[in-house]
Amino acid sequence: MKAKFDILVQNNRLRYEFTVSRNITIIRGDSATGKTTLLELLAAYYNDGDSSGVLVRCDVPCVVVGGQHWRENLSLVRNSIVFIDECNAFVKSETFAVSVKESDNYYVIVSRDDLPNLPYSVNEIYGIRQSSKYAGLKQVYNELYQLYGSFEKVETAEEKLLLAEDSNAGYEFFKGAYAEHFTCLSAKGKSNIFKLLQQYRKENVLVVADGAAFGCEMEKIMQLMRLGRRIVLYLPESFEWLVLKSDVLENTEIKAMLEDPSQFIDSKEYFSWERFFTDLLIQESKGTYLHYNKKSLNPAYLQERIKERIMDLVPIQPIKQRE
């Protein structure tokens, strides 16, 4: 399943309106913010239809799955948006992650906890709040908002340590492009970034990671930032997305795809958008001097002209330029 889906859920008292863009969406928030109520309305409509007093509008079915028979029930769901409440402990399991990976559904999961087995985007973590968009309605109108905002554009200050998520092509590029201005370290995986931030607690750190799958790490890092740590996050979709976005391949079809990737990324084929961008870059650069290998950076990407086109998209000001 692919594309964006607009969802409207309402009864005579409440109205929810939001858009789901990827295979995994996370809803967070404290008690009494309307998360569970949303799922209760969806479940009522799914079980009783119009007689429930609930109206649901969406181009695909919206299904609530939970309980001890979740696996059997989920196996019967196809091409739907599956909603799961945080009371279901199975969302943290590897078994559930495999079920998500192998299905053609989208998933909206209510959870205040991190879900490390799922590669969800930092841009797809939401809270619920009341809105005045429909102030004339008798219902209470609720909308979803990005909990952390966007990290594709950042402002740097006095960061001297650049901590990259991976140890492969992305790290090699940032080290080659910025080693003169930053001490560049590889975390060798997103789960190690928090540990290294604690290890280098006296340093001002710029973290570069794949935003498309970094959602489960966000809250831990945000807690450090709330405690006063000077940490700047640059979280593009992925390094491969950055290369594609720079248009070094000069491919108009790719430019069109990047305008709205949700129209092209099949949830059953790609567990996360990062994998789609990797496959796309490998495929489109094959047979050219810019042929891409994720494990080892092609030196052509550090040639001045190519390097500068990619760097032009990166909101990092080297120290030399700031002086």
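Calculation criteria
Throughout this description, residue numbers start from 1 for each chain and increase along the sequence as written. This being a predicted model, a pLDDT of at least 70 is required before a residue's local features are given, and a value of 80 or more before pairs of side-chain atoms are given or counted; all residues contribute to the totals for chains, interfaces and linings. Side-chain metrics in this entry use all non-hydrogen atoms of the structure; hydrogen atoms and water are not considered. Put simply, DSSP marks the helices as runs of H or I at least four residues long and the strands as runs of E at least two long, and each gets a number from the N terminus on. Relative accessible area decides the class of each residue, using a 1.4 Å probe on protein chains only: under 20% of the type maximum gives buried, over 50% gives exposed, and in between gives partly exposed. Residue contacts follow a heavy-atom distance rule, with two residues in contact if any of their heavy atoms lie within 4.5 Å. Residues scored as positive are Lys and Arg, those scored as negative are Asp and Glu, and His as well as the terminal groups of each chain are ignored. Note that the charge is assigned to NZ on lysines, CZ on arginines, CG on aspartates and CD on glutamates. Each aromatic pair joins two rings of Phe, Tyr and Trp (for Trp, the six-membered one) with centres within 6.5 Å, and gets the label stacked for planes under 30 degrees apart, edge-to-face for over 60, and tilted for any other angle. Here, over-ring charges are defined by two tests on the NZ atom of lysine or the CZ atom of arginine: distance to the ring centre within 6 Å, and angle to the ring normal within 35 degrees. Paired strands, in this sense, are two strands between which DSSP finds at least two bridges. Axes here refer to lines fitted to C-alpha atoms; in helices the fit is confined to the stretch in contact. Angles between the N-to-C directions go from 0 to 180 degrees. Basic side-chain nitrogens of Lys or Arg form a salt bridge, by our definition, when they fall within 4 Å of a carboxyl oxygen of Asp or Glu. By the definition adopted for this analysis, an angle is roughly parallel if under 35 degrees, roughly antiparallel if over 145, roughly perpendicular if from 65 to 115, and oblique otherwise. Crossing chirality is assigned from the near helix's rotation relative to the far helix, an anticlockwise turn below a right angle marking it left-handed and a clockwise turn marking it right-handed. Confidence of the predictor in every single residue is expressed as pLDDT, which spans 0 to 100.

1. Quick look at the overall build of the protein
Part 1 of the argument: Summing up its helical and strand segments, the protein has 11 helices and 13 strands in all.
Part 2 of the argument: Here the C-alpha coordinates of the protein stretch approximately 65 × 45 × 40 Å along the principal axes.
Part 3 of the argument: Buried positions account for 53% of the 323 residues belonging to the protein.
Part 4 of the argument: Counting contacts in the protein only where the partners sit at least 6 residues apart, residues at least 24 apart contribute 67% of the total.
Part 5 of the argument: Here the protein carries 40 positive and 45 negative side-chain charges, and the mean point of each set is 3 Å from the other.

2. Brief notes about the packing of aromatic side chains
Part 1 of the argument: A full pass over the atoms with the stated rule returns 16 aromatic pairs.
Part 2 of the argument: Judged by centre distance (6.0 Å) and plane angle (85 degrees), the ring pair of Tyr292 and Tyr301 falls under edge-to-face. Judged on exposure class, the residue Tyr292 and its partner Tyr301 are both buried.
Part 3 of the argument: Connected via pairs of aromatic rings, a cluster forms that spans Phe173, Phe174, Tyr178, Phe182, Phe239, Tyr292 and Tyr301.
Part 4 of the argument: A cation over an aromatic ring shows up here: Arg22 above the ring of Trp273, its NZ or CZ 3.6 Å from the ring centre.

3. Concerning the sheet that holds strand 2 (residues 14–20)
Part 1 of the argument: Read across the open sheet, the 9 strands follow the order 4-1-2-9-8-3-7-6-5; overall the sheet is mixed. Unpaired on one side and paired on the other, strand 4 (55–57) and strand 5 (62–64) mark the two borders of the sheet. Geometrically, the sheet is characterised by an average inter-axis angle of 20 degrees between neighbouring strands, direction not taken into account.
Part 2 of the argument: Sheet topology note: the strand 3 (residues 24–27)/strand 7 (residues 106–110) ladder contains 4 bridges and is parallel. Note that in strand 7 the partner of Ile26 across the bridge is Ile109.

4. Details of the sheet that holds strand 11 (residues 183–186)
Part 1 of the argument: Strand order in the open sheet made by the 4 strands is 11-10-12-13, with parallel pairing throughout. A single partner strand is all that each edge strand has here, and the edge strands are strand 11 and strand 13 (231–234). Within this sheet the neighbouring strands show an average axis-to-axis angle of 20 degrees, counted without direction.
Part 2 of the argument: Strand direction decides the pairing type here: strand 10 (residues 161–164) and strand 11, joined by 4 bridges, are parallel. Looking at strand 11, one finds that Leu161 is bridged to Thr183.

5. Points about unusual backbone geometry
Part 1 of the argument: The residue Lys188 is not glycine, and still its phi comes out positive at about 60 degrees.
Part 2 of the argument: Relative to the elements of secondary structure, Lys188 occurs in the loop between strand 11 and helix 5 (193–199).
Part 3 of the argument: In this structure, Glu250 is a non-glycine residue whose phi angle is positive, near 50 degrees.
Part 4 of the argument: Turning to its location among the elements, Glu250 is positioned in the loop between helix 7 (239–246) and helix 8 (252–259).
Part 5 of the argument: Take Glu250: its relative accessible area is 58%, and that puts it in the exposed class.

6. Structural notes on the pattern of salt bridges
Part 1 of the argument: Taken as a whole and assessed by the stated rule, the structure comprises 14 salt bridges.
Part 2 of the argument: Three or more residues joined by partner-sharing salt bridges are found here, namely Arg22, Glu124 and Glu237.

7. Examining helix 7
Part 1 of the argument: Taking burial as the measure, the 8 residues of helix 7 include 7 buried ones, the bulk of the element.
Part 2 of the argument: Burial in helix 7 covers these residues: Phe239, Glu240, Trp241, Leu242, Val243, Leu244 and Ser246.
Part 3 of the argument: Of the surrounding secondary structure, the elements contacted by the buried residues of helix 7 are helix 4 (169–178), strand 13, helix 8, helix 9 (273–285) and helix 10 (304–311).

8. Concerning the side chain of Asn23
Part 1 of the argument: Counting through the fold element by element, Asn23 comes out in the loop between strand 2 and strand 3.
Part 2 of the argument: Residue classification places Asn23 among the buried residues on the basis of a relative accessible area of 7%.
Part 3 of the argument: Apart from the residues lying within four places of it in its own chain, the contact partners of Asn23 are Asn105, Tyr106, Tyr107, Ser267, Tyr270 and Phe271.

9. So, the packing of helix 7 against helix 9
Part 1 of the argument: At a minimum axis distance of 8 Å, the contact between helix 7 and helix 9 shows a crossing angle of 50 degrees. With respect to their mutual orientation, helix 7 and helix 9 come out oblique. Note that helix 7 runs across helix 9; the crossing there is left-handed. Judged by residue contacts, Glu240, Trp241, Val243 and Leu244 of helix 7 engage Glu274, Phe277, Thr278, Leu280 and Leu281 from helix 9.

10. Things to note about the environment of Asp48
Part 1 of the argument: Tracing the backbone through its elements, the reader meets Asp48 in helix 1 (residues 35–48).
Part 2 of the argument: Note on Asp48: relative accessible area 47%, which makes it partly exposed.

11. Section: the side chain of Asn142
Part 1 of the argument: Note that Asn142 resides in strand 9 (residues 140–146).
Part 2 of the argument: Beyond its immediate stretch of four places on either side in the chain, Asn142 contacts Leu14, Arg15, Tyr16, Glu17, Ile128, Arg129 and Gln130.

12. Some remarks on the confidence of the model for the protein
Part 1 of the argument: When the pLDDT values of the protein are averaged, the result is 89; 92% of them are 70 or greater.
Part 2 of the argument: In the model of the protein, helix 11 (residues 319–322) stands out as the element of lowest mean pLDDT, 44, in contrast to strand 6 (residues 81–84), which has the highest, 97.
Part 3 of the argument: Note on residues 319–323: pLDDT under 50 across the span, and 10 contacts to partners over four residues away in sequence or across chains.

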